[in-house]
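Coordinates in review
Listed below, chain by chain, are the residues.
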Amino acid sequence: MEYDALAKQYDSIDMMKLIDAEPADFQKAFDLGYAVDLPPSFASAEHVIGMGMGGSGMAYSILKDFARVFGTVSVEVVSDYWLPSYVKSGQKTAVMITSFSGNTEEPLSSVEEARQAGLPIVSIATGGQLATWSKEHNVPYIPFEYPVSLPRVGIAYTLGIALGVFCKAGFFKFDDSAPNVVKAALDGIAQHVHFNEMKTEGQRLAELLKGKMIYCIGAGWSYPVAIRWKGQFNENAKVIAFAEPMPEMCHNMYLGYELPEIIRTNSAVVFLDSEYDHERNRKRNQLVGHDLEATGVTIIYPTVSDELSPLGTLLAQIILGDYVSYYLALLNKKDPAEMTRIEDLKQRL
Ligand code: PA5
């Protein structure tokens, strides 16, 4: 397949270069987040609410499940206008908000409620109303710059900054110091992730997925990565895609994979699998994949190097998904950056 020619024709922002830069961006972003000056009430929180929509909220979905394994706080993602009512219950809650543009109305609404409730807040944006609001209310604000205003492409920034803030606040219980954990993850990627091979794998998977409805399955902290893959398939490649968690999918979705036949036989299921998953979930991935394949479903087990740390595996899975969705966009003759329908909807609201 002539991907270079397709990229010249359809990739309006040279997204490939931006995906290639994700590991370096992640380090820069982590440093920005880790440098934040936090109020003591933030660091003593027991619960964190992460606010953001789409690509910006994704960072918190990933941290939420990562924190279930390595964290000292519970995390909830709020991608809506409201602040959960439990904040009034007295639990020590901290709030983080990310908006690339700084102008997205849902988190701007919920963060104002958080301010009125007296919660400690950290805000992250490239500017916009959120920058002005943060200065006006003396809220610690982490500005960053990115070449394009596409949150999903800048995931390394939004995730890296938020992780930096979490680590500065002591919300993770890594054995080693947090900066070392990030460095080890990135060193592992530099040493073991061969980007040309990953791109070839991305092309191979995109070719298998072309024309299919896609379900992405992930267990534990891979579930938000599955949601990330799903979102990238939707937004970059403009295809119908969904995500389900393992093992929950074995209790419902698995049974529903019978009808309509026309959809089943034109569908693919992607199992994100790594050595850090529970062994029973890995076995479930194999058994369910085998059963579905026998009924005409295309089954994919993407692999990343097994030499990586948990954080390295998480980042590598994200990057691989970005490549797959990118190549699938090109195969579909779509500009991966184009999002007119979302912009149009925002205008019509
Ligand atoms: O992927 C996208 O571009 C969207 O899903 C945005 O992330 C979403 O609209 C939120 O925008 P912002 O990050 O500017 O608040």
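Residues numbered from 1 in each chain as written. Predicted model: local features only at pLDDT ≥ 70, side-chain atom pairs only at ≥ 80, totals over all residues. Heavy atoms only, no water.

**Here's the deal with the sheet that holds strand β2 (residues 74-78)**
What the five strands build is an open sheet, ordered β2-β1-β3-β4-β5; its pairing is parallel. The sheet is open, and its two edges are formed by β2 and β5 (141-143), each paired on a single side. Ignoring which end each strand starts from, the neighbouring axes of this sheet average 15 degrees apart. In the sheet, strand β1 (residues 47-51) pairs with strand β3 (residues 93-99) via five bridges, with the strands oriented parallel. Across the sheet, the residue bridging to V48 is A94, located in β3. Against the sheet, helix α5 (residues 54-70) engages β1, β2, β3 and β4 (121-125), with an angle of about 160 degrees to β2. On top of the sheet, helix α8 (residues 155-169) reaches β1, β2, β3, β4 and β5; it is set at about 160 degrees to β3, its chief contact. (Pairing = 2+ DSSP bridges. Helix = DSSP H or I, 4+ residues; strand = E, 2+ residues; numbered from the N terminus. Axes fitted to C-alpha atoms, helices over the stretch in contact; angles between N-to-C directions. Contact = heavy atoms within 4.5 Å.)

**Overview of the nonpolar core**
Counting 96 residues, the largest nonpolar core has M96, F172, F233 and L311 as its most contacted members. Ranked by the residues each element gives to this core, the list is headed by helix α15 (residues 310-331), at 15 residues. When near neighbours in sequence (up to four residues on either side) are disregarded, M96 contacts F42, V48, I49, G50, M51, Y60, V122, I124, A162, V165 and F166. Core analysis: the next-biggest nonpolar cluster, separate from the first, contains 18 residues, L83, V95, I97 and A125 among them. (Core = buried A, V, L, I, M, F, W, Y, C linked by side-chain atoms within 4.5 Å. Buried < 20%, exposed > 50% of the residue type's maximum accessible area, 1.4 Å probe, protein only.)

**Quick word on the packing of helix α3 (residues 22-34) against α15**
Put simply, α3 and α15 touch, their axes get as near as 11 Å, and they point 130 degrees apart. With respect to α15, the element α3 is oriented oblique. Like other packed secondary-structure pairs, α3 and α15 cross with a definite hand, here right-handed. Side by side, α3 and α15 meet where E22, P23 and F26 of the first sit next to L311, L315, I318, I319 and D322 of the second. (Parallel < 35°, antiparallel > 145°, perpendicular 65-115°, else oblique. Left-handed = near helix turned anticlockwise from the far one by under 90°.)

**Thoughts on the pattern of salt bridges**
Inspection of every chain in the model, using the stated rule, returns 11 salt bridges. Between K199 and D20 there is a salt bridge, and its shortest N-O distance comes to 3.2 Å. Highlighted residues: K199 in helix α10 (residues 195-209) and D20 in helix α2 (residues 15-20), separated in sequence by 179 residues. Among the residues examined, K199 registers a relative accessible area of 15% and is labelled buried. A salt bridge links R68 to D65, with the shortest nitrogen-to-oxygen separation between them at 3.0 Å. Here the residue R68 and the residue D65 both occupy positions in helix α5, the gap between them amounting to three residues, near one helical turn. What makes R68 exposed here is its relative accessible area of 65%. For D65, a relative accessible area of 11% corresponds to the buried category. (Salt bridge = Lys/Arg side-chain N within 4 Å of Asp/Glu carboxyl O.)

**Here's the deal with the environment of L315**
Note on placement: L315 falls in helix α15. Residue L315 is classed as buried on the basis of its relative accessible area of 8%. Counting along the chain gives 193 residues from L315 to V122, while the straight-line C-alpha distance between them is 24 Å. Once residues lying within four places of it in the same chain are set aside, the contact partners of L315 are F26, L159, L186 and I189.

**Let's talk about the site of the ligand**
Near the ligand lie 13 residues; those nearest to it are S56, S99, S101, T104 and E235. Residue M53 places a main-chain N or O atom 3.3 Å away from an oxygen atom belonging to the ligand. Alone, the ligand offers 390 Å² of accessible surface; in the complex the protein occludes 93% of this. For the shell around the ligand, the element with the most residues is α5, which contributes three residues. (Near = heavy atom within 4 Å. Polar contact = N/O pair within 3.5 Å; in protein donor to acceptor, adjacent residues only side chain to side chain. Areas by Shrake-Rupley, 256 points an atom, 1.4 Å probe, with all protein chains shown as cover.)

**Notes on the packing of α3 against α8**
Between α3 and α8, whose axes approach to 7 Å, the crossing angle comes to 35 degrees. Like other packed secondary-structure pairs, α3 and α8 cross with a definite hand, here right-handed. Taken together, the residues of α8 that come into contact with α3 (itself represented by E22, D25, F26, K28, A29, F30, L32, G33 and Y34) are I155, A156, Y157, L159, G160, I161, L163, G164, V165, C167 and K168. Of the residues that constitute the contact of α3 with α8, the class distribution is 13 nonpolar, three polar and four charged. (Nonpolar A, V, L, I, M, F, W, Y, C, P; charged D, E, K, R; others polar.)

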